[in-house]
Amino acid sequence: MKIYNTLSKRKEEFEPLEEGKVKMYVCGPTVYNLIHIGNARPMIVFDTVRRYMEHKGYEVNFVSNFTDVDDKIIKKAIEEGVEASVISERYIAECKKDMQALNVKEATTHPKATQEICGMLDMIGTLIEKGHAYRAEDGTVYYRTRSFKGYGKLSHKNIDDLQGGNRSLLVSGEDQKEDSLDFVLWKPKKDGEPYWESPWCNGRPGWHIECSVMSKRYLGDEIDIHAGGEDLIFPHHENEIAQSEAANGKPFAKYWMHNAFLNIDNRKMSKSAGNFFTVRDIIEKYDPQVLRFFMLSAHYRSPLNFSAELMDAAKNGYDRIVTSVSNLKYLLENATSDTMSEEEKKLAEEAKGFTAKFDEAMDDDFNTADAIAAIFELVKFVNTNTDAESSREYLSSLKEELVMLSDICGLLVEKKQEMLDSDIEALIEERQAARKAKNFQRADEIRNELLSKGIVLEDTREGVKWKRA
Ligand code: AMP
Ligand code: ZN
């Protein structure tokens, strides 16, 4: 299995630190709003990487954080007149609903920055002791960037070029830095902001330190894969390397993976530019699986432009797989013979070739575009080589293969079809009862379960309405 490593700018053979195990950390969202579909790209891409590795037999320890202390969260909390944690908890819950709808597996651990302050104090203390960080007069702790010899190795930047370029970026309050390249590890509290006590001042952490600390705590000093969107290469991941390697004295992550942007009109989709659609916007119009399919239809390192036309094409593509599975099910239910004929044995063997093609594509730096093309070839093969005379054994073998490959991509092609109208209505009734009993957790669970199967609920004055996305 080959992975493109941002660190070496090459595809490298994947060799885990520990046989049969993968330690993987993916930087998660800052939770102050509903996530947009750009944020969903790394979630879907790295969930698919995880699923493929699990399919290959690896035990994957998958850690992904929530940044739940940040200027934008605090700003929103002040606007709403609530504690910052009210905002972050609300949007963590909403983010988890979207992830569930998109069939993104729960991380092994989903740490939150505010729960990891002790670890941050420890690491910052170590960095100061080792001369890699210093306290300024106002209590801010800065990382002494030039003290780390490998600085720039991930983003392939020369530290001296950075120095020149960044001087003008000094903002007020940062003039106590020894060097303009130094970045904040800990900063003094401002009025009305959440803060923690520390040996340096009452305050809160800078952004970069949380990932170094959470990765160390849940995965150890050295990990296999660290991932995120390409905007994180610099400075976030560069700074993480500087912190972790200086504090732990060991190489941090072996493979660095970065997804390219999801664009709209060839511009990065982002909250700040305002050119975004939330996942919620999209899954009200499309089955969440169509969005997942759309994301995987391009290689993760290629920019992907979002448009209604491409989503419609994704819908057609996804439907072709679902229909093929559905046809196989129908034939299976009505098959008259049990065991494979000699001819069918040969065909079933031939069909395995599509799995080999799929694996070959995924082994080549997770080329999901080609992997999906292999699924389509299998769909075509199924559609032309099955009929009412086919045996149960043969049909099952094809169905298993098609469902297995779809499942590696996290595409639900089977379960959803089993959702009959009567089942949906029974669940809606149960949800109403749960809400009446103020059991909002159960009510939410039901809503999410339905969402994950492509059923969207709408609470209207006339009662609850539902539709298939
Ligand atoms: P943020 O909440 O901005 O820290 O982003 C969370 C994750 O989403 C990070 O891995 C970002 O790199 C990624 N991300 C944000 N916007 C986009 C986009 N338009 N396309 C792809 N990834 C994105
Ligand atoms: Zn991070």
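Just above, that's the structure.
Here the structure is a predicted model, which means the values were calculated and not measured.

**Focus on the layout of surface pockets**
Roughly 850 Å³ of volume is contained in the largest pocket. In terms of lining, the largest pocket is formed by 39 residues, of which the most central are Gly28, Pro29, Asn39, Asp231 and Leu232. Put simply, the parts of the chain that give the lining of the largest pocket at least two residues each are helix H1 (37-55) and strand S4 (59-64). Ranked by residue count, the leading element in the lining of the largest pocket is H1, at four residues. Its residues assigned to classes, the lining of the largest pocket shows 18 nonpolar, 14 polar and seven charged.

**Thoughts on unusual backbone geometry**
Working note: non-glycine residues mostly have negative phi, and peptide bonds are mostly trans. Omega for the peptide link from Phe234 to Pro235 comes to 0 degrees, which places this bond in the cis form. In this structure, Pro235 sits in helix H7 (residues 233-248). For Lys9, which is not a glycine, the phi torsion comes out positive at approximately 55 degrees. Topologically, Lys9 is positioned in the loop between strand S1 (2-5) and strand S2 (10-13). Despite not being glycine, Asn266 shows a phi value in the positive range, around 60 degrees. You can see Asn266 is positioned in the loop between strand S11 (262-264) and strand S12 (267-268).

**Re the coordination of the zinc ion (ligand 2)**
Distances from the zinc ion (ligand 2) to its protein donors, namely Cys27 (SG), Cys211 (SG) and His236 (NE2), fall within the range 2.0 to 2.2 Å. Along the chain, the residues that donate to the zinc ion (ligand 2) are spaced as C-x183-C-x24-H. One end of the pair, Cys211, is in helix H6 (residues 208-219); the other, His236, is in helix H7, with 25 residues separating them in the sequence. For the pair Cys211 and His236, a shared accessibility class is recorded, and that class is buried.

**Details of the sheet that holds strand S3 (residues 21-26)**
Here we have four strands laid out as an open sheet, ordered S4-S3-S9-S10, and parallel in their pairing. The open sheet has two edge strands with one neighbour each: S4 and strand S10 (253-259). Between one strand axis and the next, the sheet turns through 20 degrees on average, direction left out of account. Contacts from H6 reach S3, S4 and strand S9 (223-229) within the one sheet, and its direction differs from that of S3 by about 155 degrees.

**Re the site of ligand 1**
If you check the shell around ligand 1, you find 18 residues, and the closest are Gly38, Gly229, Asp231, Leu262 and Met269. Contact between ligand 1 and Gly38: a nitrogen atom at 3.1 Å from a main-chain N or O atom of the residue. A distance of 3.0 Å is found between an oxygen atom of ligand 1 and a backbone nitrogen or oxygen belonging to Gly229. Within the complex, the protein chains bury 90% of what would otherwise be the 490 Å² of accessible surface of ligand 1. Because more than half of its atoms lie within 2 Å of the grid, ligand 1 is assigned to the largest pocket.

**With respect to the pattern of salt bridges**
Throughout the structure, instances matching the rule amount to 37 salt bridges. Between Lys97 and Asp444 there is a salt bridge, and its shortest N-O distance comes to 3.8 Å. Taken as a pair, Lys97 in helix H3 (residues 84-101) and Asp444 in helix H15 (residues 440-452) lie far apart in primary sequence, 347 residues in all. For Asp444, a relative accessible area of 33% puts it in the partly exposed group. Taking the shortest distance from any N to any O, the salt bridge between Glu377 and Lys357 comes out at 3.0 Å. Here Glu377, found in helix H12 (residues 368-384), pairs with Lys357, found in helix H11 (residues 342-363); they are 20 residues apart in sequence, far enough to count as distant. Assessed through its relative accessible area of 39%, Lys357 is described here as partly exposed. Each of Glu94, Lys97, Asp98, Arg280 and Asp444 takes part in a single network of salt bridges with overlapping partners.

Reading the values: the criteria
Along each chain, the written sequence defines residue order, and numbers are assigned to residues from 1. Each chain takes a letter, starting from A, and each ligand takes a number, starting from 1, following the order in which they are written. A pLDDT threshold of at least 70 governs which residues receive local features in this predicted model, and a stricter bar of 80 or more applies before side-chain atom pairs are shown or counted, although totals over entire chains, interfaces and linings include all residues. Remark: hydrogens and water are excluded; side-chain values derive from all non-hydrogen atoms of the structure. In this analysis a 1.4 Å probe is tested at points of a 1 Å grid over the protein atoms alone, and where it fits but cannot get out there is a cavity; an open set with protein on both sides within 12 Å along at least five of seven lines is a pocket; lining residues have an atom within 4 Å of a point. Grid points are joined across faces, edges and corners, and a volume is the space filled by probe spheres set on the points. Helix numbers and strand numbers start at the N terminus; a helix is a DSSP run of H or I with at least 4 residues, a strand a run of E with at least 2. Side-chain classes are defined by residue name, with Ala, Val, Leu, Ile, Met, Phe, Trp, Tyr, Cys and Pro counting as nonpolar, Asp, Glu, Lys and Arg as charged, and the others, Gly among them, as polar. For Na, K and Ca the donor cut-off is 3.2 Å, and for all other metals it is 2.8 Å, counting N, O and S atoms only; because water is absent from this set, sites may look incomplete. Under the scheme applied here, a residue whose accessible area is under 20% of the maximum for its type counts as buried, over 50% as exposed, and between as partly exposed, the area being computed with a 1.4 Å probe on protein chains only. When DSSP locates at least two bridges between a pair of strands, those strands are taken to pair. Note on definitions: angles span 0 to 180 degrees between N-to-C directions of axes, and those axes are lines fitted to C-alpha atoms, for helices only across the stretch in contact. Here a residue-residue contact requires only that any non-hydrogen atoms of the pair lie within 4.5 Å. Near residues are defined by distance, with any heavy atom within 4 Å of the molecule or strand qualifying the residue. Any pair of nitrogen or oxygen atoms within 3.5 Å is treated as a polar contact; in protein, a donor-acceptor pairing is required on top of that, and neighbouring residues in sequence qualify only through side-chain atoms on both sides. Here the Shrake-Rupley method, with its probe set to 1.4 Å, supplies the accessible areas, and only the displayed protein chains count as covering residues. To decide whether a molecule occupies a pocket or cavity, check its atoms: if more than half lie within 2 Å of the grid points, it is inside. Any carboxyl oxygen of Asp or Glu within 4 Å of a side-chain nitrogen of Lys or Arg constitutes a salt bridge here.

These values are about where atoms sit, not about what they do.
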